Amino acid sequence: MRDRDLAPEEFRRLGHEVVDWMAEYLADPRVYPVVARTEPGQLTSALPTSAPETGEPMEDILAGFHDLILPATTHWNHPRFMAYFSVSASAPGILAEMLAAVLNTNHMVWKSNPAATELEQVTLGWLREWLGLPPSFFGQIFDTASISTMHGIAAARMWAAPETRTSGAPPNMTVYCSEHAHSSIEKGAMAIGVGQDNVRKVPADAAFRLIPQALAEMIRADRAAGTRP
């Protein structure tokens, strides 16, 4: 596929164009409205109904970005964006993503990319120190909070029922979370087979803190009913 890729000089020219636009955007994203001012399906109707048979020039693709994608974008980088959770990317982070995209590696094991594997361990070690956790704690980076939640539930299930690895999960596992917990708790329980009905919502106080006494009582009741917290 390399023979169909951009030539180095063309890549450099387009790259400068894109980075120049990125810098202008980050300098003042307020030139765009916070919320997209399009109607549902408006972008869909503006896009081709079938995939192109041949590749399109990058100039046309960038024009489509400016003419079609930007008007249909809700700008999370906007200073007046206050919905969901703010994840405005920093300029160094954006540059780092560019470098990661160019290297295009995966560190699923050490041999597939020693640099990424060891960098993850070192930086998470720094985070562990900042949190005041002992050296025995171990972590890894996930792409989203929902995925990390799912893995947390899976790890808890393995601790409570080690036989899950060979025999499958027992049907009586229960998960506990605050009544204000994110929906990813239930989604994680569904994804790994614990089940939505086995997620217990623990009451919280006026300060949104989970009530320990309520949790203890729910665990006692569930154990009496034959379930495994």
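Predicted model only: the values in this text are computed from it and were never measured.

J.: Just checking my understanding: could you explain the side chain of Ser178 for this structure?
T.: Examined against the element boundaries, Ser178 turns out to sit in strand E1 (residues 175-178). Within the local environment of Ser178, its side chain forms a polar contact with the backbone nitrogen of His180, the two atoms lying 3.0 Å apart. If we ignore the near neighbours within four places in the chain, the residues touching Ser178 are Lys201, Val202, Ala204 and Leu210.

J.: It is not clear to me how the packing of helix H6 (residues 145-160) against helix H8 (residues 184-191) should be interpreted in this structure. Could you clarify?
T.: Helix-helix packing is described using two parameters, namely the angle between the two axes and the distance between the axes. Where H6 meets H8, the closest approach of the two axes is 8 Å, and the angle between their N-to-C directions is 55 degrees. The orientation of H6 relative to H8 falls into the category oblique. Helix-helix and strand crossings are classified by hand; for H6 and H8 the assignment is right-handed. Residue-level inspection shows Ser146, Thr149, Met150 and Ile153 of H6 in contact with H8, the latter providing Ser184, Ile185, Lys187, Gly188, Ala189 and Ala191. The class makeup of the residues in the contact of H6 with H8 is five nonpolar, four polar and one charged.

J.: Please clarify how the pattern of salt bridges should be interpreted in this entry.
T.: Two side chains with opposite charge may pair up if their charged atoms get near one another. Under the criterion given, the structure shown has eight salt bridges. Ionic pairing is found between Arg13 and Glu59, a salt bridge with its closest N-O pair at 2.8 Å. You can see Arg13 sitting in helix H1 (residues 8-27) and its partner Glu59 sitting in helix H3 (residues 58-69), a full 46 residues away along the chain. Judged by relative accessible area, which is 41%, Arg13 ranks as partly exposed. Arg228 is the partner of Glu163 in a salt bridge, and the nearest nitrogen-oxygen pair spans 2.9 Å. With Glu163 in the loop between H6 and helix H7 (164-167) and Arg228 in the segment after helix H9 (212-224), this residue pair connects regions lying 65 residues apart in the sequence. A relative accessible area of 27% means that Arg228 is categorised as partly exposed.

Reading guide: rules and limits
- Residues numbered from 1 in each chain as written.
- Predicted model: local features only at pLDDT ≥ 70, side-chain atom pairs only at ≥ 80, totals over all residues.
- Heavy atoms only, no water.
- Helix = DSSP H or I, 4+ residues; strand = E, 2+ residues; numbered from the N terminus.
- Polar contact = N/O pair within 3.5 Å; in protein donor to acceptor, adjacent residues only side chain to side chain.
- Contact = heavy atoms within 4.5 Å.
- Axes fitted to C-alpha atoms, helices over the stretch in contact; angles between N-to-C directions.
- Parallel < 35°, antiparallel > 145°, perpendicular 65-115°, else oblique.
- Left-handed = near helix turned anticlockwise from the far one by under 90°.
- Nonpolar A, V, L, I, M, F, W, Y, C, P; charged D, E, K, R; others polar.
- Salt bridge = Lys/Arg side-chain N within 4 Å of Asp/Glu carboxyl O.
- Buried < 20%, exposed > 50% of the residue type's maximum accessible area, 1.4 Å probe, protein only.

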